[in-house]
Amino acid sequence: MPTWLRRPSRPPERSGPPATADRPAPNRDDDQSGQALRVPSRLHAFNRYEIKYLVPAGDVPALRDELTARMDLDRHCGSTGYGVWSVYYDTDQLRFYWEKIEGLRFRRKLRVRHYGDRSTISDDTVVHVEIKQRVNRVTQKRRVALPYRLARDLCDHRLMVAHDPSQRAFLDEVLELLCGLDLRPVAMTGYQREAFVGRDAEVGLRVTLDHRVRGRDRDFHLGADAENRLVVPATLSVLEIKVNERVPYWLTDLAARSNMSIVRMSKYCQSVEAFGRVPRSIFHVADDAPDLATIRSKSEV
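(A) Highlighting the pattern of salt bridges. Counting across every chain of the model gives 23 salt bridges. Here Arg64 ties to Glu194 by a salt bridge, and the two come within 2.7 Å at their closest N and O atoms. Taken together, the positions of Arg64 in helix H2 (residues 60-70) and Glu194 in strand S7 (residues 184-197) put the pair 130 residues apart, joining distant regions of the chain. A residue is classified by how much of its surface remains accessible, and Arg64, at 28% relative accessible area, is partly exposed. A relative accessible area of 11% places Glu194 in the buried class. Lys267 is the salt-bridge partner of Glu240, the closest N and O atoms lying 2.9 Å from each other. Here the residue Glu240 occupies a position in strand S10 (residues 236-243), and Lys267 occupies one in helix H7 (residues 267-274), the gap between them amounting to 27 residues. Classification of Glu240 as buried rests on a relative accessible area of 4%.

Here you go:
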């Protein structure tokens, strides 16, 4: 069997933070914290279905014209889109990465995200602390907006920060994840996004095109003047369809006419694999991918 078809073996995972003299290792028979952290929260901002495709850069202009004819540009988009920068948190054994690769029906990931130009980020810049979770086929995303200095206090220093009372349950959950699983910054991703929103009866529809997907495995300050590298070839853009219920017929027809195939690609996983943290999975988009033929054959395995 070719190497790229082999699903990498998940390493044994240590539960919670490392044992110390004043903090002994938990007894697995008595400790229920790991299981509790897998229970979906009842609090969520919205539910949706997400479908992801890879699109050759040469097909983007025609695709953009089709989308513009039926959808409106997101009001934040401007003429060139906007930047999206995210710092992802995970365990030292990459628990959230492996839950994605193994296709767990319930999985979560924690990130701090900034929308816009990262060169302008300061302590007072508003960012979003987000928990994105998957329950079966439904994606749930919950988040809170905080000044960047408070987001770092919360996620890096594990301190409860000033907040509106309505945000308390969510912030408690974030701290429970950070402390219970000993989460640390693991990878950063960034890309330029074009976003389209549905009109009239399709008001719950959202389509995004992400270009020049890049990342890094260090210097995790969102505003750092640090070097990034492409984690998806520049010749490919990532298209995502996000709907509350079902994809409109015209959009499935557009995908078929454009010869697009659904892929199970995660930008976070791409970044983890691109920097050698784990062997590349069968879902990794090859750095030198010349076209989509190889990608489609791998995604269908």
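We are not done yet, so read on.
(B) The arrangement of the packing of H2 against helix H6 (residues 249-257) in detail. At a minimum axis separation of 12 Å, H2 and H6 run at an interaxial angle of 170°. By the angle between their directions, the pair H2 and H6 is classed as roughly antiparallel. Contacts between H2 and H6 pair Leu63, Glu66, Leu67 and Arg70 from the former with Trp250, Leu251, Leu254 and Arg257 from the latter. Partitioned by chemical class, the residues of the contact of H2 with H6 number 5 nonpolar, no polar and 3 charged.

(C) Local environment of the side chain of Glu240. Engagement of the side chain of Glu240 in a polar contact is seen with the side chain of Lys267, the distance being 2.9 Å. Leaving out residues up to four positions away in the same chain, Glu240 has contacts with Glu50, Ile51, Lys52, Arg193, Arg206, Val207, Thr208, Asp210 and Lys267.

(D) Structural context of helix H4 (residues 148-155). Among the residues of H4, those classed as buried are Tyr148, Leu150, Ala151, Leu154 and Cys155. Here the buried residues of H4 occupy an arc of 160° about the axis, which is enough to place them on one side. If you follow the buried residues of H4, they end up packed against strand S3 (82-90), strand S4 (106-115), strand S5 (126-135), strand S6 (138-147) and helix H5 (168-181).

(E) Just the nonpolar core, in detail. Of all hydrophobic cores here, the largest spans 28 residues; its most connected members are Val112, Val129, Leu154, Val174 and Leu222. Those elements that place two or more of their residues in this core are S3, S4, S5, S6, H4 and H5. The biggest single contributor to this core is H5, with 7 residues. Apart from the residues lying within four places of it in its own chain, the contact partners of Val174 are Leu110, Val129, Ile131, Leu154 and Cys155. Val60, Leu67, Leu209 and Leu239 belong to the second largest nonpolar core, which has 18 residues in total.

(F) Main features of the layout of surface pockets. By volume, the largest pocket is sized at about 880 Å³. Looking at the largest pocket, it is lined by 40 residues, and the ones nearest its centre are Glu50, Lys100, Arg107, Arg134 and Thr139. Broken down by secondary-structure element, the contributors of at least two residues to the lining of the largest pocket are strand S1 (46-56), helix H3 (95-101), S4, S5, S6, S7, S10 and H7. For the lining of the largest pocket, the per-class residue count stands at 14 nonpolar, 5 polar and 21 charged. Empty space within the second largest pocket amounts to approximately 500 Å³. In this structure, the second largest pocket is lined by 19 residues; those nearest its centre are Arg48, Asp74, Lys141, Arg143 and Arg206. Breaking the lining of the second largest pocket down by element, the ones donating at least two residues are S1, S6, S7 and S10. At 3 residues, the largest contribution of residues to the lining of the second largest pocket is made by S1. Split into classes, the residues belonging to the lining of the second largest pocket amount to 7 nonpolar, 4 polar and 8 charged.

Calculation rules
Residues numbered from 1 in each chain as written. Predicted model: local features only at pLDDT ≥ 70, side-chain atom pairs only at ≥ 80, totals over all residues. Heavy atoms only, no water. Salt bridge = Lys/Arg side-chain N within 4 Å of Asp/Glu carboxyl O. Helix = DSSP H or I, 4+ residues; strand = E, 2+ residues; numbered from the N terminus. Buried < 20%, exposed > 50% of the residue type's maximum accessible area, 1.4 Å probe, protein only. Axes fitted to C-alpha atoms, helices over the stretch in contact; angles between N-to-C directions. Parallel < 35°, antiparallel > 145°, perpendicular 65-115°, else oblique. Contact = heavy atoms within 4.5 Å. Nonpolar A, V, L, I, M, F, W, Y, C, P; charged D, E, K, R; others polar. Polar contact = N/O pair within 3.5 Å; in protein donor to acceptor, adjacent residues only side chain to side chain. Arc of directions from axis to C-beta. Core = buried A, V, L, I, M, F, W, Y, C linked by side-chain atoms within 4.5 Å. 1 Å grid on protein atoms, 1.4 Å probe; cavity = no way out; pocket = protein on both sides within 12 Å on 5 of 7 lines; lining within 4 Å. Points joined across faces, edges and corners; volume = space filled by probe spheres on them.

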